[in-house]
Structures are given as structure tokens and as C-alpha cells.
Amino acid sequence: MSHSHYKYASLLRWTVYFIGLLVMSFGIVLTIKADVGCAPWDVLHIGLYRKFGLTIGTWSIIVGIVILALSSLLVKQLPKLGAFLNMLFVGVFIDMYMMIPYLQTPATIAGRFAMLLIGIVIAGYGMGLYISADVGAGPRDSLMLALMDLTGWKVQYIRIAMEAFVLLIGWLLGGPVSIGTLIFCVTIGSVAGVALPQCRRITERIMEPIHMETQGLSR
């Protein structure tokens, strides 16, 4: 691959990555605004926000910094650029969406649960997009991988242990734990499981012209 083709391919991957972060952050905010309980990590961020001030997005960044530092200590490696940018921009995007004036909690309970479910689907597809760009895992995924290497446990056990611990701390801080939290935990894996292969195909289609051109040049 020539230098110009490599730069263009890299630019496309990072574009897909940032679109994925934008989409995922919007989904996260919908689950928060639904106000029927949200993801364990967001329970923690909201609990910290209620206890100490700042913003939900700022706490997402601060928690991300702590997690990245812990992951780096465990694996004795510096975090990848993708993990650092994920930590930073998801927090910024969350605060950006939280400030949209017409994005309000629905008046009816049916509307709230509809907003929660739409948010879960959007967050799952955003996750699929940013993962399919293949430029680095987020801070929480980085910690999960580090703990897997350290303990030898299966991914599902590590994930459950992490999220149960985070949920407990968030709840003790006053974060919103409710039926929506359970719905998120039960459904997000399935949504991401459907979304990731679809997002990978989309990313491959986006990258295909570059691969074809590169193959043509190499003949």
C-alpha cells in the first residue's frame, strides 16, 4: 500500500471510529434521559455527578483516566491512542447531547421505556461501528482484557464482576438503579452481537475501494 493510500485508509477508519463514538454517546444519553435506570457505568457517573458536581461527561472522562491508568499498570503497557480518544470524546459527546434542550424525559412511562430501548439499540450500533474501525478498544474494554490476562477468567465472568462492582458503587453514591438497568444489562450484549457483524460489513464496504485500488497497483 502506498503512503497516500495508507493515509486515506487510516483517515477512513478514524472517521468510522468517531461516527461510532457519536452514535454510541447519543444512545447512552437516551438511556440516561429515559430516567428508568441506565447502564452500570452510567449509574456510577451519575452517582459521582450527584455527589460531587461537575458533569456526567466529565466523570466519564475522569473514571476513564483511572481505568486506563489501572489497565496500563496491569499489562505494563501504555494505552493505545484509540482507548485514550474513546475516553475523552465519549465524555465530551455525552455532555454535548445532554445540553440539547428538546431532548427531554418523556411524560409517560411507556415513552420512557421506548426511549430506553431506542437508546440501547443506538448505543449497540455505535459500539459496533467504533469496534469495526479496529483502532483500539475503549478504556473499560481495555481493563476487561487486562483482567482476563491477569486472572485467566472467561470474558463473561470478568464483565459481570466489573459491572456488579461498578453498579454497587454507583448505587451507594445515589446513581439511578431501576428496572432499566436490568433491561440494559440483559439486552446490550445481544444488540451488540447483532450490530457488530453488520457494522463490520459496512466498514469493509467503505474500505473496499481502497483495497481494490491497492491490489490493482500491486499487480
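It should be noted that the structure appears before, not after, this text.
Residues numbered from 1 in each chain as written. Predicted model: local features only at pLDDT ≥ 70, side-chain atom pairs only at ≥ 80, totals over all residues. Heavy atoms only, no water.

Under the counting rule described, the total for this entry stands at 8 aromatic pairs. Both rings, one in Y17 and one in Y130, keep their centres 5.8 Å apart while their planes meet at 85°; by these two values the pair is edge-to-face. Here Y130 lies in helix α5 (residues 109–132) and Y17 lies in helix α1 (residues 3–34), a separation of 113 residues in the sequence. Taking relative accessible area as the criterion, Y130 reaches 3% and is therefore assigned buried. Note on F18 and F89: the rings are 5.0 Å apart at their centroids and 85° apart in plane angle, and the pair reads as edge-to-face. Taken together, the residues F18 in helix α1 and F89 in helix α4 (residues 81–98) connect sequence positions 71 residues apart. Grouping aromatic residues by their ring pairs yields a cluster made of W14, Y17, F18, F89, F93 and Y130. (Phe/Tyr/Trp six-rings, centres within 6.5 Å; stacked < 30°, edge-to-face > 60°. Helix = DSSP H or I, 4+ residues; strand = E, 2+ residues; numbered from the N terminus. Buried < 20%, exposed > 50% of the residue type's maximum accessible area, 1.4 Å probe, protein only.)

Turning to its location among the elements, P139 is positioned in helix α6 (residues 139–151). For P139 and T181, which are 42 residues apart along the polypeptide, the C-alpha to C-alpha distance reads 21 Å. Those residues in contact with P139, other than ones at most four positions away along the chain, are G64, I67, L68, S71, A83, N86 and M87. (Contact = heavy atoms within 4.5 Å.)

Relative to the elements of secondary structure, T181 occurs in helix α8 (residues 179–218). When neighbours within four sequence positions are excluded, T181 is seen to be in contact with V36, G37, C38, V43, L167 and P176.

Positive phi is not limited to glycine here, since D35 has a value of about 60°. The residue D35 is located in the loop between α1 and α2 (40–52) in this model. D35 gets classed as partly exposed once you look at its relative accessible area, which sits at 43%.

Now for the state of the cysteines. Evaluation of the coordinates by the stated rule reveals 0 disulfides. Here C185 is not disulfide-linked; the sulfur of C38 is the nearest cysteine sulfur, at 9.8 Å. (Disulfide = S-S within 2.5 Å.)

Attention now goes to the packing of helix α3 (residues 56–75) against α4. At a minimum axis distance of 7 Å, the contact between α3 and α4 shows a crossing angle of 165°. One finds that α3 runs roughly antiparallel with respect to α4. For the element pair α3 and α4, the recorded crossing hand is right-handed. Counted together, I56, G57, T58, S60, I61, G64, I65 and L68 of α3 and A83, F84, M87, L88, V90, G91, V92, I94, D95 and M98 of α4 form the full contact between these two elements. The residue makeup of the contact of α3 with α4, split by class, is 12 nonpolar, 5 polar and 1 charged. (Axes fitted to C-alpha atoms, helices over the stretch in contact; angles between N-to-C directions. Parallel < 35°, antiparallel > 145°, perpendicular 65-115°, else oblique. Left-handed = near helix turned anticlockwise from the far one by under 90°. Nonpolar A, V, L, I, M, F, W, Y, C, P; charged D, E, K, R; others polar.)

Attention now goes to the nonpolar core. Nonpolar side chains in soluble globular proteins tend to end up buried together. Among the nonpolar cores identified, the biggest contains 32 residues, and Y17 and L21 are the most heavily contacted of them. Looking at this core, the elements that each hand over two or more residues are α1, α2, α4, α5 and α8. Per-element accounting of this core gives the leading share, 9 residues, to α1. Among all residues touching Y17, those that are not within four sequence positions of it are G82, A83, L85, N86, Y130, A133, V135 and G136. With 12 residues, the next largest nonpolar core counts W41, L48, V166 and L173 among its residues. (Core = buried A, V, L, I, M, F, W, Y, C linked by side-chain atoms within 4.5 Å.)

Following both chains from N to C, one finds α3 and α6 inclined at 25°, their axes separated by 9 Å at the closest point. Between α3 and α6, the angle falls in the class roughly parallel. Two packed elements cross with a definite hand, and for α3 against α6 that hand is left-handed. Here α3 contributes S60, V63, G64, I67, L68, L70, S71, L74 and V75 to the contact with α6, which in turn contributes P139, R140, S142, L143, A146, L147 and L150. Along the lines of polarity and charge, the residues of the contact of α3 with α6 split into 11 nonpolar, 4 polar and 1 charged.

Further remarks concern the side chain of E163. Residue position: E163 is located in helix α7 (residues 155–172). Look past the residues within four positions of E163 in its chain and what remains in contact with it is P40, W41 and C185.

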